[in-house]
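The chain contents come next:
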Amino acid sequence: MNGEREMPGRRKQKLKWSKLYTFSCLRASADDSAPADKLLGQPGFSRVVHCNEPQLHRSKPYKYSDNYVSTTKYNVVTFLPIALFEQFRRVANLYFLLAAILSLTPLAAFNRVSVVAPLVFVIGISMIKEAVEDWHRFLQDRKVNSRKVMVHVGDGLFVRKSWANLVVGDVVKVSKNEYFPSDLLLLCSSYEDGLCYVETMNLDGETNLKAKRSLEATLSLDEETAFCRFKATLRCEDPNPSLYTFVGNLDYNQESYPLSPEQILLRDSKLRNTEYAYGTVIFSGADTKAVRNSTRSPSKRSRVERKMDHVIYLLFGMMLFISLVTAFCSAIFTNDADVKRWYLQLHASDDSLFDPNNPTLSGFLQFVKALMLYGYLIPISLYVSIEVVKVLQAMMINNDLAMYDEVTGKAVEARTSNLNEELGQVEMILSDKTGTLTCNQMEFRKCSIEGISFGGEVTEVDLAASRRMNIDVERHRFSLDGSDSTARSIEMFDLSTADGSTEKEGLGLNEGGKGRNSRISISDKERRIKGFNFRDGRLMDKMWIYRSNVGEMVMFFRVMALCHTGIPVDDKTAYEAESPEEVAFLIAAREFGFKFCQRTQSTMVVQELDPMSGMEVMREYKLLNLLEFNSSRKRMSVIVSNEDGEIFLFCKGADEVIFDRLSEGGRTYQQATVMHLSNYAEDGLRTMVFAYRKVSVSEYERWSSVFAKAKATVCPERDELLENACEMIEKDLILLGAVAVEDKLQKGVPECIDKLAQAGLKIWLLTGDKKETAVNVGFACSLLRHDMEQLHLSTSNELRMKDVTEEIMSQLQSFNHVISEEERRDAPFALVVDGKALEHIFRNNHLCQHFLSVAMNCDVVICCRVSPKQKALITRRVKEHSGKTILAIGDGANDVGMIQEADIGVGISGMEGMQAVMASDFSLPEFRFLERLLIIHGHWCYRRISKMIVYFVYKNVAFGLTLFYYNMLSGVSGQELYDDWYMVMFNVLLTSLPVIALGVLEQDVSSDVCLQFPALYKQGQQNTCFSWKRIIGWICNAVLASLIVFTLTVSILSPSALDGRGNPADIEHIGTITYTCLIWTVNCQIALIISHFTWISHFLIWGSILCWYVFLYLYGALSPARSGNVYHISSEQIGPAPAYWATTLLVVVASLMPFFLHMAVQRSFFPLDDHIIQEMKHSKTDVTDSPMWLREQEKSKQLTQVGYSARVDAKIRHFKDQLHRKRKSFYLSVTNSRH
Amino acid sequence: MSSDDVSSLPSKKVSRKPIYSRFTQQELPACKPILTPALVIGILICLAIIFIPIGLLALSASENVVEVVDRYDDACIPSTNQKVGFIKDPATNKTCIRSLTVPKKMRKPIYVYYQLDNFYQNHRRYVKSRSDRQLWSPKSESSTNLCDPEGQTGDGKPIVPCGLIAWSLFNDTYALSKNDAALQINKKDIAWRSDRTHKFGPNVYPKNFQNGPLIGGGKLDENIPLSQQEDLMVWMRTAALPTFRKLYGKIETDLEANERITVTIQNNYNTYSFNGKKKLVISTATWIGGKNDFIGRMYMAIGGTSLVLAVIFSLLYVFKPRPLGDPSYLSWNKNPQ
């Protein structure tokens, strides 16, 4: 090897990666282009792009769309018709529209304004809300569209232009870590061989970098000035959503080159590890594959709201029924009254509503009129109140300081307020992994070198378990009398020594959490090195050189420093590599004294710490071969020769792969390493085994020729030949040890999952990553634990379609068997399934049902290697199958489908990508805020909205029915008891505000109690607050209340005089008094159901009642022309009458009595959880008897199978079992020895 | 890759930190009343304590009211099958003499009412058949559009007061005498003052009233302005229910117990076609109004029920007590698995 030729100037940095790689990065062979040639020009493959001549595409025949991407629902013109149409899709709104139209006819039951105004108001508010939400989308779009990119404007000049102004054919220059503004054809990159790396996380969720490479023909275009004369024509497929295919041809310099997906850079992916890349725009704006893949976010409605529709239908039914009764009775009355009731002059036949000659028609018209009259049964203002309340609730959520992330400066955002209450009913969470649970950042945590584990022995779970056990035992000891205490303290000792691994920590726990805290604070004070979270005095600060087996340690570190694909950047202090794990290894190696400094085409320079001298020396290694990692090999090797000419093969890989290839003499530490590996894996760490071998020069040369021959072959068996060649050299390895890196979880993830699990939520993990990674993360965030039965569902590659189906079926059946037959019903199950199996499962309906029923019975389901489409599909199928409320959470564009499909979609906004957030209903800066969002806000919002709706139904039914009763007493003529304006005021001012206070401020228990008792969340899942039982109960309450109010007032006030002045009550008096009673009743009713009175609630409730009297006074003070018979009613007529006030008191108490008794009986004898907890808080039991308070917290979560605490519990059970067995065997041995 | 993430963050860092307020953090101070058993019993006892006395007061007030009711519709008509024919015939003598006994001493003012049964004064067609503007202002004489079919005479002249209500004005008259001495019935101030001063105009005079082919009820003196036609005002305040009383007049002298009162009734009003009863009511009134036992009884009933329930609740708590905040009632303790 003659080293690298020094490149002139700007090419100094360039590396030819294609030379390094063995398997991938091959040029597309000639025969691949055949289908493209045939297809091009056919329908579906008609696109022509003139590269670097964007002006050509502005005119016909092209007219390609510009690069502006819009996600808004409406524009200025379409807003009115579409939004109005949407509004009138609500049945109730349609009904009110009809009522409004009818009110313009002589059939009108009320005056026009009182019918039309509320409708306009309701629809107006909803439409304003729509408009505001769409405006926000527009702003978001504008932000994206105004991102800048360098665009060629001619003569080799590049200027910054905003994304929206890009046109097909433009040549753009994208720099490192920038997103591609549209779908580009890669022309050239900063690497000499036209390679560039892209991160497609936003598209498909895969975290590893993907290599793209330009055609060789365009490699020369690597300078800005080179584009002066660049012209080429591209023919390709029409815009389509397929991310992984591309068919096209590039005509350049009179030659035609076939194109493949390898040359296409997709919008929403990001340029990584590459200084810059040039590309020409092929698809822009709406034509890009990313946009084609996105679907319009469906408008979602919460479960409560959908049920509310059914309640409205029920009320419609009621209304129809009483209208029919009214119509029937009216026809009879009219027919009958013809001759008899002379004072009505019905025979005049001037009013078809009361035409005795045609009672059928009269009946029908009365029916129509009754539908309007009883419209109060349908709470029109309910919709607007709910909208207002939800906006306010969303404001509360957005402003919650506890959900504000200081690091990113972002707060939670409720992007739609439609789903607030749905947050309180979630039963399943489908979570993405990368970026959601994890940070996509690896940290070096532990290593095992030659059978000795470094970097902390005890797992966190063991630690917590032993601590908890000590507390338990302590409590027991105090509760028992003195004589027993010694025995107990012995048991305590036993418990803490039950497992060898907890020994140290268990005994050292007398200092309690203090030691732990101090440790953490020290680590915080230390300089944190990103990617390196390792503390062990035996290795750190060059201490390892004093250990006995230095030689092997050096080898171990060399593997770390040499066996990778990384390159140093930023003055050699940071690294870039294909996977973040490799970066973590390089950083760790640097910390141990093996600093990887430089990579050239064929050499690697490492600054090594020489254990003999303790000095740092520079060593240069010649890189002979790099056998890279891929998913089937599961290992990576480098062959290097050092300065002395010795040839080494350094290998790292998955444990089973490496263990198979060890030499007889190289297995010294295998047993210890295996144990360590399983410990690491249980902690959720990703492990990798290191091995090496020394290769003699002659062996290498022999192998090298075989390998070169395999490499040169161009035939389908090439891969196999290469594999075989690698097998030849990757054998007889000597095991060095293992390393464990942590796929770093985001802050607070395990705790959050723990709480969510306690709240009864099932959590599924859907990830595009491979199975091992997914399982590791499952362990890390305590979704999985060791004593869980893991059911792995996968397919073998070779089988045909039908066989695969059968294979999956039989697997599922055996799982089903295991789950159902198992005697230990409490044993938790985890199902791990990969994308390939899912593909088959979702193709077959029967299989799908079977799969879902198995999955539902498992406590955790992990789906790995799933595509974005599959994520969405799983979400839909699970939703359909289980009928449960599903929340999907993710951060990338690959989660968009899932987010839109789920009942609630949550996007993580902490990261850079916006697609998930844009598609989501709620955006969180970090996963951990989900706990607060669901358990507190969800719980509250659910209870608030449900209470609000049932109350609304109550008040409208109570009010509407009095109209019906009165109508029956007024000759079924459609006469109202109340003045028109009273009726308008009822929903507008007099009863609406307290409900809004209820919907915004009500709290059954305070936020900290919600968190302490996540089990309270189950109320939402079981829908206790909005069950049919409860709704019907409230309707009955309303019927009862209306009957009591109406019959009592009417019987009291008629027919004798109203007061000492001798005047009997007339229609206005009775109406006003009845109305007063109703206002008091409904407002006091809400006071009865509120359990959290702030000054606002008090103000609104009592203010509403006061408002009524003020209104009555003012209305009566208007001139008689306006107020009619209400003129001076309160000041002159009923106000001074004691009977008015006495009736009010009597009727209000009587009408509330049934509910009050129901409440008293329920609270006293059948209390619900929230009642008890309220009482405990009220009597301050949580302070005075805190052990009890804590014990109940423990008990409330005892059935949880998933999460950190469940895992600790399981561990404790395990310890106790062990102890029990030990004691038994001890007892047996003692008794045996006695005999 | 690590360094890039750091460098790209600060540029985007726009702090959207919410501003702290107790309202937005949902930490407003609140009272959280809990319906404890003691509170339930307390409330029920309070209700009893308040309601029973009020009930007693109302009952005693109602007890003090002396009311004489006399149904005369069937007595004041020859027992023929031609009741309707009789009443409609303007030529027949409809005078009818009734005699009443005062059961207890009645103190002035004593109110004289007429009570109609099965008369739908609250029928929609009837209620809206009036013109308030016309009643108040002579200028609006012709605004009779709501009054059909009694808006205009056959030749298109507006009727004042128009509408079915006025047209069907009650026209039985009562003349009371005690020991052959006439008892003066004062027909002043029987309508609400606001009606006299603001609704029935002082310079609006009846016109074309009861001139049509159909004669409804009473006639009006065309020389007296509407603001003094108090009978009309009372009648025009439509009753809420088909059974109603309206004030006829007041007697400004006391009546002693067992005094016999002779009533001379002009039985003009046709309630026979719809089997409506007609009653003459002579009654005193107190703060609670006329004779009204119902309100007092209801107060007693609710007070009594509260008391009984309070006792039942207390007994239940004695025999089946549930300590406040008893954790054994929590759902996870109730169904142990």
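What you see is a predicted model, and the numbers here were worked out from it, not measured in a lab. (Residues numbered from 1 in each chain as written. Chains lettered and ligands numbered in written order. Predicted model: local features only at pLDDT ≥ 70, side-chain atom pairs only at ≥ 80, totals over all residues. Heavy atoms only, no water.)

**Some points on the overall build of chain A**
A count of helices and strands for chain A gives 43 helices and 36 strands. Out of the 1235 residues belonging to chain A, those deemed buried represent 60%. The long-range fraction of contacts in chain A, counting pairs at least 24 apart against all pairs at least 6 apart in sequence, stands at 74%. Total accessible area on chain A is roughly 48,200 Å²; 57% of this is exposed by carbon and sulfur atoms. (Helix = DSSP H or I, 4+ residues; strand = E, 2+ residues; numbered from the N terminus. Buried < 20%, exposed > 50% of the residue type's maximum accessible area, 1.4 Å probe, protein only. Contact = heavy atoms within 4.5 Å. Areas by Shrake-Rupley, 256 points an atom, 1.4 Å probe, with all protein chains shown as cover.)

**Here's the deal with the environment of Val906 of chain A**
Residues and elements named next belong to chain A. Counting through the fold element by element, Val906 comes out in strand β34 (residues 904-908). On the basis of relative accessible area, Val906 is assigned to the buried category, the value being 0%. Residues Val906 and Leu930, spaced 24 residues apart in sequence, show a C-alpha to C-alpha distance of 8.9 Å. Residues within four places of Val906 in sequence aside, it is in contact with Leu887, Ala888, Ile889, Gly890, Ile899, Ser920, Phe922, Leu924 and Leu930.

**Observations regarding the sheet that holds strand β8 (residues 232-236) of chain A**
Within a beta sheet, neighbouring strands are joined by backbone hydrogen bonds and run either parallel or antiparallel to one another. Residue and element names in this part refer to chain A. Taken in spatial order, the 4 strands make up an open sheet running β1-β8-β9-β10, and their pairing is antiparallel. Only two strands of the sheet have a single neighbouring strand rather than two, namely β1 (47-51) and β10 (255-259). Averaged over all pairs of adjacent strands, the angle between their axes in this sheet comes to 20°, without regard to strand direction. With 5 bridges joining them, β1 and β8 adopt antiparallel strand pairing. Within β8, the residue paired with His50 across the bridge is Thr233. (Pairing = 2+ DSSP bridges. Axes fitted to C-alpha atoms, helices over the stretch in contact; angles between N-to-C directions.)

**Considerations on the pairing of strand β32 (residues 860-864) of chain A**
All names here are of chain A. Here β32 lies mainly inside the structure; 5 of its 5 residues are buried. Two strands pair when backbone bridges link them, and strand β29 (residues 762-766) and β32 are joined in this way by 4 bridges, in the parallel orientation. Its bridge partner lying in β32, Trp764 is registered against Val861. Note that strand β31 (residues 829-834) and β32 share 5 bridges and pair parallel.

**Quick look at a nonpolar patch on the surface**
The grouping of Leu1145 of chain A together with Ile45, Ile49, Ile50 and Leu307 of chain B at the surface amounts to a nonpolar patch, some 410 Å² of accessible area in total. It is helix α2 (residues 37-64) of chain B that contributes the most residues to the nonpolar patch, 3 residues altogether. Assignment of secondary structure puts Ile50 of chain B in helix α2. Under the relative-accessibility criterion, Ile50 of chain B is labelled partly exposed at 44%. (Patch = residues over 30% accessible without salt bridge, like charges linked within 9 Å, V, L, I, M, F, W, Y side chains within 5 Å. Salt bridge = Lys/Arg side-chain N within 4 Å of Asp/Glu carboxyl O.)

**Re the nonpolar core**
Tyr982, Tyr1075 and Trp1108 of chain A together with Tyr174 and Trp235 of chain B are the most contacted members of the largest nonpolar core, which has 217 residues in total. No other element matches the 17 residues that helix α29 (residues 929-969) of chain A contributes to this core. Setting aside its immediate chain neighbours within four residues, Trp1108 of chain A contacts Tyr982, Leu990, Thr1072, Tyr1075, Thr1076, Ile1079 and Tyr1140 of chain A. Membership of the second largest hydrophobic core comes to 65 residues, among which are Leu745, Ile763 and Met1176 of chain A together with Leu330 of chain B. (Core = buried A, V, L, I, M, F, W, Y, C linked by side-chain atoms within 4.5 Å.)

**Considerations on the packing of helix α35 (residues 1067-1089) of chain A against helix α39 (residues 1138-1165) of chain A**
All names here are of chain A. Packing of α35 against α39 leaves a shortest axis separation of 9 Å and a crossing angle of 35°. The way α35 lies across α39 gives a crossing that is right-handed. For the pair α35 and α39, contact is made by Ile1073, Thr1076, Cys1077, Trp1080, Thr1081, Cys1084, Gln1085, Leu1088 and Ile1089 and by Tyr1140, Thr1143, Thr1144, Val1147, Val1148, Ser1151, Leu1152, Phe1155, Phe1156 and Met1159, respectively. (Left-handed = near helix turned anticlockwise from the far one by under 90°.)

**Some words on the pattern of salt bridges**
Residue and element names in this part refer to chain A. Tallied over the full model, the rule gives 62 salt bridges over all chains. One salt bridge in this structure joins Lys433 and Asp743, with 3.0 Å as the shortest N-O distance. A residue pair is termed long-range when its members are at least 10 positions apart, and Lys433 in the loop between β17 (428-431) and β18 (438-449) and Asp743 in strand β28 (residues 734-745) qualify at 310 residues. The same class applies to Lys433 and to Asp743, which are both buried. In this structure, Arg590 engages Glu591 in a salt bridge whose closest nitrogen and oxygen atoms are separated by 3.4 Å. A single salt-bridge network, built from bridges that share partners, covers Arg301, Glu305, Asp309, Lys390 and Glu421.

**Quick word on the environment of Ala774 of chain A**
Residues and elements named next belong to chain A. Mapping Ala774 onto the fold places it in helix α22 (residues 771-780). Judged by relative accessible area, which is 0%, Ala774 ranks as buried. Residues Ala774 and Gly835, 61 residues apart in the sequence, show an inter-C-alpha distance of 12 Å. With near-sequence residues (within four places) excluded, Ala774 lies in contact with Lys433, Leu765, Thr767, Ile862 and Cys864.

**Things to note about unusual backbone geometry**
Omega for the bond connecting Ser1054 of chain A with Pro1055 of chain A falls within 30 degrees of zero, at 0°, which places this linkage in the cis form. Counting through the fold element by element, Pro1055 of chain A comes out in the loop between α34 (1028-1053) and α35. Cis geometry marks the peptide bond from Lys108 of chain B to Pro109 of chain B, where omega comes out at -5°. Here Pro109 of chain B shows up in the loop between β3 (95-101) and β4 (110-116). In this structure, Arg865 of chain A takes a positive phi of about 55° despite not being glycine. Examined against the element boundaries, Arg865 of chain A turns out to sit in the loop between β32 and α26 (868-882). What makes Arg865 of chain A partly exposed here is its relative accessible area of 46%. Backbone geometry places Asn258 of chain B, a non-glycine residue, at a positive phi of 65°. In this structure, Asn258 of chain B sits in the loop between β8 (244-251) and β9 (260-266).

**Things to note about the state of the cysteines**
All names here are of chain B. Counting across every chain of the model gives 2 disulfides over all chains. Here Cys76 connects covalently by a disulfide to Cys96, the sulfurs 1.9 Å from one another. The disulfide joining Cys76 to Cys96 has a torsion of about -60° about its S-S bond and is therefore left-handed. Highlighted residues: Cys76 in the loop between β2 (67-71) and α3 (83-88) and Cys96 in strand β3, separated in sequence by 20 residues. No difference in accessibility class separates Cys76 from Cys96, as the two residues are buried. (Disulfide = S-S within 2.5 Å.)

**Some points on the interface of chain B and chain A**
Counting residues at the interface gives 109 residues for chain B, matched by 119 residues for chain A. For the chain B and chain A pair, buried surface summed over both sides reaches about 10,200 Å², with 60% attributable to carbon and sulfur atoms. Taken together, the connections running from chain B to chain A amount to 4 salt bridges. With its nearest N and O atoms 2.9 Å apart, the salt bridge here joins Glu406 of chain A to Lys17 of chain B. On inspection of chain B and its partner chain A, the count reaches 42 residue pairs in polar contact (both at pLDDT 80 or more). Ranked by residue count, the leading element in the side of chain B that touches chain A is helix α9 (residues 293-319) of chain B, at 10 residues. Of the residues in the side of chain B that touches chain A, the class split is 57 nonpolar, 28 polar and 24 charged. Summarising the sheet, strand β36 (residues 1093-1094) of chain A and strand β1 (residues 30-31) of chain B pair through 2 bridges and their orientation is antiparallel. Looking at the pairing, Thr1094 of chain A lines up with Ala30 of chain B of β1 of chain B. (Buried area = accessible area lost by both parts, 1.4 Å probe. Polar contact = N/O pair within 3.5 Å; in protein donor to acceptor, adjacent residues only side chain to side chain. Nonpolar A, V, L, I, M, F, W, Y, C, P; charged D, E, K, R; others polar.)

**Here we look at the sheet that holds β3 of chain B**
Residues and elements named next belong to chain B. On the basis of which strands lie adjacent, the open sheet formed by 4 strands has the order β3-β9-β5-β6 and antiparallel pairing. The outermost strands of the open sheet, each flanked by one partner alone, are β3 and β6 (181-183). Between one strand and the next, the sheet's axes are offset by a mean angle of 30°, whatever the strand orientation.

**Notes on helix α40 (residues 1169-1178) of chain A**
All names here are of chain A. Burial within α40 is extensive, with 8 of its 10 residues counted as buried. The set of residues buried in α40 consists of Asp1169, Asp1170, His1171, Ile1172, Ile1173, Gln1174, Glu1175 and Met1176. Lys1180, located one to two residues past α40, shows a positive phi value of around 55°.

**Looking at the environment of Thr795 of chain A**
Note on placement: Thr795 of chain A falls in the loop between β30 (789-793) and α23 (801-821). Once the C-alpha coordinates of Thr795 of chain A and Val833 of chain A are considered, the two residues, 38 residues apart in sequence, prove to be 9.4 Å apart.

**Thoughts on the packing of aromatic side chains**
In this description, an aromatic ring pair is defined by two values, namely the gap between the centres and the angle between the planes. All chains considered together, the criterion is met by 77 aromatic pairs over all chains. Centre to centre, the rings of Phe119 of chain B and Tyr269 of chain B are 6.2 Å apart; their planes meet at 45°, and the pair counts as tilted. You can see Phe119 of chain B sitting in the loop between β4 and α4 (124-127) and its partner Tyr269 of chain B sitting in the loop between β9 and β10 (278-283), a full 150 residues away along the chain. For the pair Phe119 of chain B and Tyr269 of chain B, a shared accessibility class is recorded, and that class is buried. An aromatic cluster is built from Trp342 and Tyr343 of chain A together with Tyr114, Phe119, Tyr126, Trp167, Phe170, Trp235, Phe244, Tyr269 and Phe274 of chain B, whose rings are joined through pairwise contacts. The ring of Tyr276 of chain A carries the charged tip of Lys173 of chain A above its face, separated from the ring centre by 4.9 Å. In this arrangement the basic side chain of Arg322 of chain B is found over the ring face of Tyr329 of chain B, its NZ or CZ atom lying 5.4 Å from the centre. (Phe/Tyr/Trp six-rings, centres within 6.5 Å; stacked < 30°, edge-to-face > 60°. Lys NZ or Arg CZ within 6 Å of the ring centre and 35° of its normal.)

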